[in-house]
Structure formats: C-alpha cells, structure tokens
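# Coordinates in review
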Amino acid sequence: PIDYKTNRFPFCIVWQPFPPLTWILPMIGHTGICDSHGVVYDFQGPYCVIEDCMMLGRATRYIPLDPDQIGASSGSNVAERWKAWDACIKQGCDDYREKVHCLLYPNCNHHVAHCLNCLEYNGSKRYGMFQIWWMVMVHSHYCGLRGFFISIGPFLLVVAGVVAAIVATRVRDGG
C-alpha cells in the first residue's frame, strides 16, 4: 500500500517540487519511479540513479500505475508481472547510470519515461518528458495536505506577493 510517511509508493510515478523553480512555475519539479515494493528510483545527477532517497526529500505527489498494463515479458500471474515490473525498472535505471544529467536533457523526467518505455506501459514505447509532465499535472494525487502545501504553497505566496505589490502601487498612485 501507498505510505506517504515512509515514502513508499508501489507501482507509482512520484513528484516533488524543485525550489525555487517550482515557486515561480509550479509545473516544474523532480520525478522518480517506484518498483513493486514502493522503493523510489530517481535520476539525480550524472551517472547517478539513487534508490530510496529522493533528491529533494519525500514525494509530494504520486501517480498510481497499473502493473497489469505492462507489455514487457509479463507473465500471467501476479508474481511474474511484479517481477517483470521490477526488472524493467532496474533496466531503465541501469541505462541511466550511463548518462550525464542535464536540467533539460536528459533529466529525471526522461529517466521515468525510459522506464515506462522499458515496461511498454499501456502498450507504448513512446513516452517522453512531456507525457510525464502531463501525467503529473493532470493525473497525480497529492500526498495529503502536506503534499499540497509543499507543492503549491510557495507559488501561492509568490502570487499573493505580486498581487499585493500591484495593489499597493495602485493605491499609492491613486489609481
């Protein structure tokens, strides 16, 4: 089962804000992908995929995935599908342990997309950064109120500050 407190998200994509970028553009963040036990794997730097320790702390959003939707050498029973899932996550991580990390390409979103392509998730091998971004923005769940406020709170404060500055300027100028 999903457990926010221990950062365990079986068969999920996870997301966390990337300060200060997320404070201005709330759709920008850091992603990881989880194995069948909920252990998070994320591409954190050159040749570096870390297991069970996300780059910026605990996940604040997650997208549950369906292990029955993998096409990559999955068997007919649950144990075989879970084993295939874990093997594909491992393969994707091993591939990215040979890549240099860049803010634009390749980055954590590309790593997650590559893992989904290894899985042939939903019959597709065409996942990319923008599909991952869309999934996070549209289909993710917050990890409770804490996850919501950590994800969106700083952005809302920035917006409130900008609005307050505009209002104060207009009041001062009499307009």
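Numbering of residues begins from 1 in every chain and follows the order in which that chain's sequence is written. In keeping with the model being predicted, local features are shown solely for residues with a pLDDT of at least 70 and side-chain atom pairs are shown and tallied solely at 80 or more, while totals for entire chains, interfaces and linings include all residues. Based on all heavy atoms of the structure, the side-chain values leave hydrogens and waters out of the count.

## Thoughts on the sheet that holds strand β1 (residues 12–17)
Across the sheet, which stays open at both edges, the 6 strands sit in the order β4-β3-β2-β1-β5-β6 with antiparallel pairing between neighbours. At either margin of the open sheet sits one strand with a lone partner, and together these are β4 (48–51) and β6 (141–142). Looking at chain direction, β1 and strand β5 (residues 61–64) are connected through 4 bridges and run antiparallel. If you follow Val 14 over to β5, its bridge partner there is Tyr 62. Two residues form a contact once any of their heavy atoms are found within 4.5 Å. Interaxial angle, 0 to 180 degrees, is taken between N-to-C directions of lines fitted to C-alpha atoms, where a helix line uses only the stretch in contact. Helical segments are the DSSP runs of H or I of at least four residues, strand segments are the runs of E of at least two, and each set is numbered from the N terminus. Sheet strands in contact with helix α3 (residues 108–119) are β1, β2 (29–34), β3 (40–45) and β4, and its direction is about 25° off that of β2. Sitting on the sheet, helix α4 (residues 129–139) touches β1, β2, β5 and β6, and the angle it makes with β5 is about 100°. Pairing between two strands requires that DSSP report at least two bridges joining them.

## Here's the deal with the pattern of salt bridges
We count a salt bridge whenever a side-chain nitrogen from Lys or Arg sits within 4 Å of a carboxyl oxygen from Asp or Glu. Tallying each qualifying case throughout the model produces 6 salt bridges. We note a salt bridge from Asp 68 to Arg 81, for which the minimum N-O separation is 2.6 Å. With Asp 68 in the loop between β5 and α2 (78–96) and Arg 81 in helix α2, this residue pair connects regions lying 13 residues apart in the sequence. Here Asp 68 falls in the partly exposed class, since its relative accessible area comes to 46%. The shortest N-O distance in the salt bridge between Lys 90 and Asp 94 comes to 2.7 Å. In this pair, Lys 90 and Asp 94 both sit in helix α2, 4 residues apart, roughly one turn of the helix. For Lys 90, a relative accessible area of 52% corresponds to the exposed category. Exposure classes here rest on a 1.4 Å probe applied to the protein chains alone. A residue is buried below 20% of its type maximum, exposed above 50%, and partly exposed in between. With a relative accessible area of 26%, Asp 94 lands in the partly exposed category.

## Quick notes on the environment of Tyr 41
Inspection of the secondary structure puts Tyr 41 in strand β3. Placed 29 residues apart in sequence, Tyr 41 and Ile 70 show a C-alpha to C-alpha distance of 18 Å. Apart from residues lying up to four places away in sequence, Tyr 41 is in contact with Gly 32, Ile 33, Asp 35, Val 49, Ile 50, Glu 51, Ile 89, Cys 93 and His 111. By the criterion applied in these results, polar contacts are pairs of N or O atoms within 3.5 Å in which, for protein atoms, one can donate a hydrogen and the other can accept it, and in which residues neighboring in sequence qualify only through two side-chain atoms. A polar side-chain atom of Tyr 41 sits 3.3 Å from a polar atom in the side chain of Asp 35.

## Some points on the layout of surface pockets
Cavities and pockets were defined on a 1 Å grid built from protein atoms only: a cavity is a group of points that admits a 1.4 Å probe but offers it no way out, a pocket is an open group of points flanked by protein on both sides within 12 Å along at least five of seven lines, and a lining residue is one with an atom within 4 Å of any such point. Grid points are joined across faces, edges and corners, and a volume is the space filled by probe spheres set on the points. Considered as a void within the structure, the largest pocket measures approximately 380 Å³ in volume. Lining the largest pocket are 18 residues; nearest its centre among them are Ile 28, Gly 29, Leu 103, Asn 107 and Asn 109. Residue assignment for the lining of the largest pocket shows that the elements contributing at least two residues are β2, α3 and α4. Considering each element in turn, the lining of the largest pocket owes the most residues, 4 residues, to α4. Along the lines of polarity and charge, the residues of the lining of the largest pocket split into 12 nonpolar, 6 polar and no charged. Under the scheme applied, nonpolar residues are Ala, Val, Leu, Ile, Met, Phe, Trp, Tyr, Cys and Pro; charged residues are Asp, Glu, Lys and Arg; polar residues are all the others, including Gly.

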